[in-house]
Amino acid sequence: MKNVSVKQRLSHVIAIFCCCLLLVGCKKIKKSDAEYEREQWIEGFADSIAFYQGKTREVESELEKNNHEIGTLLENFGKVSNPREVTGYYLLNGWQSKLPLTSTGIYARINENEKLELIATLAGATFNRIGVGDGNEEYKSNVVPHDQAFNYRHQKYNTVYFTGGKADTIAEYISRHHDDKVVLQFIEGDKSKNFAIPEDERAMIHKTWILYSLQLTNQKLQRELWICSRKIDTFRRIMDENSTKDEALQ
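Remember, predicted model here, so these are calculated numbers, not experimental data. (Residues numbered from 1 in each chain as written. Predicted model: local features only at pLDDT ≥ 70, side-chain atom pairs only at ≥ 80, totals over all residues. Heavy atoms only, no water.)

(A) Just the pattern of salt bridges, in detail. Scanning the model with the defined rule gives six salt bridges in all. The shortest N-O distance in the salt bridge between Lys98 and Asp200 comes to 4.0 Å. Of this pair, Lys98 sits in the loop between strand S2 (89-92) and strand S3 (105-111) while Asp200 sits in helix H4 (residues 199-249), and the two are 102 residues apart along the sequence. Take Lys98: its relative accessible area is 39%, and that puts it in the partly exposed class. With a closest N to O distance of 2.9 Å, Arg176 and Glu137 form a salt bridge. Of this pair, Arg176 sits in helix H3 (residues 165-176) while Glu137 is found in the loop between strand S5 (129-133) and strand S6 (138-140), placing the two residues 39 residues apart along the sequence. (Salt bridge = Lys/Arg side-chain N within 4 Å of Asp/Glu carboxyl O. Helix = DSSP H or I, 4+ residues; strand = E, 2+ residues; numbered from the N terminus. Buried < 20%, exposed > 50% of the residue type's maximum accessible area, 1.4 Å probe, protein only.)

Next up, the structure:
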């Protein structure tokens, strides 16, 4: 009877021990709603990292293609350095010998800061603004005051340099209509003179705009790469910080 009693006690102890293990196991398996929400929250960051990593690969592929196109187009442009000007610029090949203009006209170039410049010359009169349009679309530049720098006069010619968003819009308009007649307005106050842009000047501005627009796309893609990189770094940092907290609580 004594031996049976010991066995029974051992059985009870083992049963109780097993129950305790099951209870502990159940306690570990069972999670609160807050814990599930936290896990999903962290998994969301992992998904975001994967998304932006994929986006980075796409942008890098576009950037590589874009850089190749820019490199090909740049073969048609030459770098010009003029000691009288602050920065150099890129000009379509064949135009170096045509400048400065000795008659009314307009051309485009891209400076070292990758900004488009439109340079217009008017013979026999003065102006400080230009415009283009066809009745449906009308675009005008900013006024560039006469300062003998960006708006200078020499003999019977007045030459003005235009740059910025409004100049870009005018160049883009001329590029879109390079196969059509485009009338350029030379404006000063309420006075204006119309000039039909010659075919070679329209073609020159068109080719320059194509290169410039690719450079603008390049800048946009580089910004996207930077944003993707920052987001990935941020999500990783948050995940690392929370992993550290979880380890500390265990």
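Further notes follow.
(B) The arrangement of the packing of aromatic side chains in detail. Inspection of the entire model under this criterion finds eight aromatic pairs. Relative to Phe162, the ring of Phe127 lies with its centre 6.4 Å away and its plane at 35 degrees, an arrangement referred to as tilted. Taken together, the residues span a long stretch of sequence, with Phe127 in the loop between strand S4 (116-123) and S5 and Phe162 in strand S8 (residues 157-163) at a distance of 35 residues. For the residue pair Phe127 and Phe162, the accessibility class agrees, reading buried in each case. The side chain of Lys98 reaches across the aromatic face of Trp95, ending 4.3 Å from its centre. Taking the ring centre of Tyr89 as reference, the NZ or CZ of Arg109 above it sits at 3.8 Å. (Phe/Tyr/Trp six-rings, centres within 6.5 Å; stacked < 30°, edge-to-face > 60°. Lys NZ or Arg CZ within 6 Å of the ring centre and 35° of its normal.)

(C) Representation of the layout of surface pockets. Estimated volume of the largest pocket: approximately 860 Å³. Among the secondary structure elements, those contributing two or more residues to the lining of the largest pocket are S2, S3, S4, strand S7 (151-154) and S8. Looking at side-chain class alone, the lining of the largest pocket contains 15 nonpolar, 12 polar and four charged residues. (1 Å grid on protein atoms, 1.4 Å probe; cavity = no way out; pocket = protein on both sides within 12 Å on 5 of 7 lines; lining within 4 Å. Points joined across faces, edges and corners; volume = space filled by probe spheres on them. Nonpolar A, V, L, I, M, F, W, Y, C, P; charged D, E, K, R; others polar.)

(D) Main features of the side chain of Glu201. Within the secondary structure, Glu201 is located in helix H4. Notably, Glu201 is buried but unbridged: the nearest opposite-charge side chain belongs to Lys98, and the N-O separation is 8.1 Å. Within polar-contact distance, the side chain of Glu201 engages the backbone nitrogen of Ile106 at 3.0 Å. The contacts of Glu201, once residues within four sequence positions are left out, are Trp95, Thr104, Gly105, Ile106 and Phe195. (Lys, Arg positive; Asp, Glu negative; His and termini not counted. Polar contact = N/O pair within 3.5 Å; in protein donor to acceptor, adjacent residues only side chain to side chain. Contact = heavy atoms within 4.5 Å.)

(E) Fine view of the sheet that holds S3. Spatial strand order, S1-S2-S3-S4-S8-S7: six strands in an open sheet with antiparallel pairing. Looking at the sheet topology across the chains shown, the edges are occupied by strand S1 (77-80) and S7. Across the sheet, the axes of successive neighbouring strands diverge by a mean angle of 30 degrees, strand direction being ignored. Taken together, the four bridges between S1 and S2 define a ladder with antiparallel strand orientation. Its bridge partner lying in S2, Gly78 is registered against Leu91. Against the sheet, H3 touches S4 and S8, its axis set at about 75 degrees to S4. (Pairing = 2+ DSSP bridges. Axes fitted to C-alpha atoms, helices over the stretch in contact; angles between N-to-C directions.)

Shape descriptors only; they carry no functional weight alone.
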